[in-house]
Amino acid sequence: MKTDIHPNYFETKVRCACGNETQVYSTVKDMHIDICSNCHPFYTGKQKLVDTAGRIEKFNRKYGKSKTQQSDKATALE
């Protein structure tokens with residue numbers, strides 16, 4: 001390794017807006033973050049689940065063929 005080209009490496013604290021503090025090693029002395037694993041909805045279990053079936057139905061209503069058009073084509077082919 002070359003000497004005198006690497007940044008300084010500090011033991012620092014990462015502080016979250018929720019009050020959680022974590023000790024890490026970094027090139028930055030003090031870090032303040034908005035969200036961490038203690039308060040993020042994904043990790044706390046308070047995450048909203050997306051209704052994918054409703055989104056698919058909405059897409060089909062907007063862009064897809066309706067069931068009546070599909071059944072009309074099916075009867076026409078028979």
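Residues numbered from 1 in each chain as written. Predicted model: local features only at pLDDT ≥ 70, side-chain atom pairs only at ≥ 80, totals over all residues. Heavy atoms only, no water.

A. Expanded view of the sheet that holds strand 3 (residues 30-33). Ordered in space as 2-1-3, the 3 strands form an open sheet in which the pairing is mixed. Pairing within the sheet leaves two strands with one partner each, and these edge strands are strand 2 (21-26) and strand 3. Pairwise comparison of adjacent strand axes, ignoring direction, gives a mean angle of 30 degrees for this sheet. Direction of pairing for strand 1 (residues 10-16) relative to strand 2: antiparallel, over a ladder of 6 bridges. Pairing of Phe 10 across the sheet is with Ser 26, part of strand 2. (Pairing = 2+ DSSP bridges. Helix = DSSP H or I, 4+ residues; strand = E, 2+ residues; numbered from the N terminus. Axes fitted to C-alpha atoms, helices over the stretch in contact; angles between N-to-C directions.)

B. Main features of the packing of aromatic side chains. A complete count under the given rule lists 2 aromatic pairs for this structure. Arranged with centres 5.8 Å apart and planes meeting at 20 degrees, the rings of Tyr 9 and Tyr 25 form a pair that is stacked. One end of the pair, Tyr 9, is in the segment before strand 1; the other, Tyr 25, is in strand 2, and 16 residues separate them in sequence. As far as burial versus exposure is concerned, Tyr 9 and Tyr 25 are alike and both exposed. (Phe/Tyr/Trp six-rings, centres within 6.5 Å; stacked < 30°, edge-to-face > 60°. Buried < 20%, exposed > 50% of the residue type's maximum accessible area, 1.4 Å probe, protein only.)

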